[in-house]
Every structure is written in C-alpha cells, then in structure tokens.
Amino acid sequence: MPQVMRPSILTIPAVFSVLACSTATVEPGHRALVFAPDRGGLQHEVLTPGVYSVHGGTRLEDFDVTYARRDLPVRATTRDGTPVLADLTVVYRPVVSELYQLETEEGPGYYDRVIVPELLGAARGVIERSSKDEDLARVSHLDASIEQAARKATAGKHVEISQVVVDHIEVAP
C-alpha cells in the first residue's frame, strides 16, 4: 500500500508565508522609500539599488534619481516692453537624502508643482529686468542669471537644479 504524504501543521503556515511574500527591485539610478501600512505608512529610510522582500500591503515608492532634462517655453516682456519667447532646457533631479520630504510635501508630480512654476518665475523675472538691446544679446549671461534665480527659488524644496540653458530666444522686432 503506497504511503500518502500529509503536510504537517508546521508546513501549512510556511507555505502561506511564502505565498504572501514577494520581492521588489530597486534598479540602478533609482532609490525607494518603503510604504508599510503595518508600520505607520511611509518610512524615512532611503533604499539603495537591490532586491527587497515585501509583504502584507507593503510596497516600494520608486524614485529616479538620475538627472532628467525637460524643455520649457517661456513668454515674458522685457523692461522696455519688448515681448520675448525663450525655449529653456532644465536639468534636475531629486535630492536623494530628502526623498521622504519630497514625497510627503510635494508628491510624485514634483516637476509640475515645484520646478515648472519656480523656473517660469525665475526666467520671467530675469527677462523682465533685461532690456532688448543690451542684456538679451548675451545669452550666456541670461543662462547663468536664470539658473541662479531658479536654484534660489527651489532651495529647500528637495530638488537640485543642475543646469538651465536658453536654447532659443526670439525677440519681437
């Protein structure tokens, strides 16, 4: 008579434990925060690239911490009333050590809520203080001024502005 294997009482919880656990991977160039409902929600610890065990509703909030670049058109008027259209490129990334604050204060759409309005404000401010003839002709000066103003405007907002470039500027005749 063949013997039938019966699972012991100890193996049943082990099987459910394995089924309930899974893994999540943090890729190179990314960092993550753990959201664990059983531990009070979002955790402060920033996870580096690797494979992590997650269970029971726990998930990883992933952040790309490599430099990203985006284009942004800006319309402004110089101090002498001349309309200007400028195309900017901004290079930015989140501050790795401040990912918890970025997530809790700004959320996943931080580019649209922090960088766009601050960069537009900074660029318009610089262009509005410029004159058509003298200041706008020196694009490298304009780049540096907008970049400095954008960094100042985003200070303390958990993002790093690496570079702002004026790709194209069109001044009305």
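See above for the structure.
Thresholds applied
- Residues numbered from 1 in each chain as written.
- Predicted model: local features only at pLDDT ≥ 70, side-chain atom pairs only at ≥ 80, totals over all residues.
- Heavy atoms only, no water.
- Buried < 20%, exposed > 50% of the residue type's maximum accessible area, 1.4 Å probe, protein only.
- Patch = residues over 30% accessible without salt bridge, like charges linked within 9 Å, V, L, I, M, F, W, Y side chains within 5 Å.
- Areas by Shrake-Rupley, 256 points an atom, 1.4 Å probe, with all protein chains shown as cover.
- Salt bridge = Lys/Arg side-chain N within 4 Å of Asp/Glu carboxyl O.
- Lys, Arg positive; Asp, Glu negative; His and termini not counted.
- Charge placed at Lys NZ, Arg CZ, Asp CG, Glu CD.
- Helix = DSSP H or I, 4+ residues; strand = E, 2+ residues; numbered from the N terminus.
- Pairing = 2+ DSSP bridges.
- Axes fitted to C-alpha atoms, helices over the stretch in contact; angles between N-to-C directions.

J.: Got a sec to walk through unusual backbone geometry? Specific residues and values, please.
T.: The backbone of His-158 sits at a positive phi, close to 70 degrees, despite the residue not being glycine. You can call His-158 buried: its relative accessible area is 9%.

J.: Residue-level account of a negative patch on the surface, with values.
T.: A cluster of acidic side chains, namely Asp-71, Asp-87, Asp-167 and Glu-170, defines a negative patch on the protein surface. With respect to the helices and strands, Asp-71 occurs in strand β6 (residues 68–77). Accessibility expressed as a relative area gives 60% for Asp-71, which makes it exposed.

J.: How would you explain the sheet that holds strand β2 (residues 30–36) if you had to name every residue and give the values?
T.: One key point about sheets: their strands pair by backbone hydrogen bonds, in either a parallel or an antiparallel sense. Ordered in space as β3-β2-β5, the three strands form an open sheet in which the pairing is antiparallel. With one partner strand each, in any of the chains shown, β3 (41–47) and β5 (59–64) form the two edges of the open sheet. Averaged over all adjacent pairs, the angle separating strand axes in this sheet is 25 degrees, with direction ignored.

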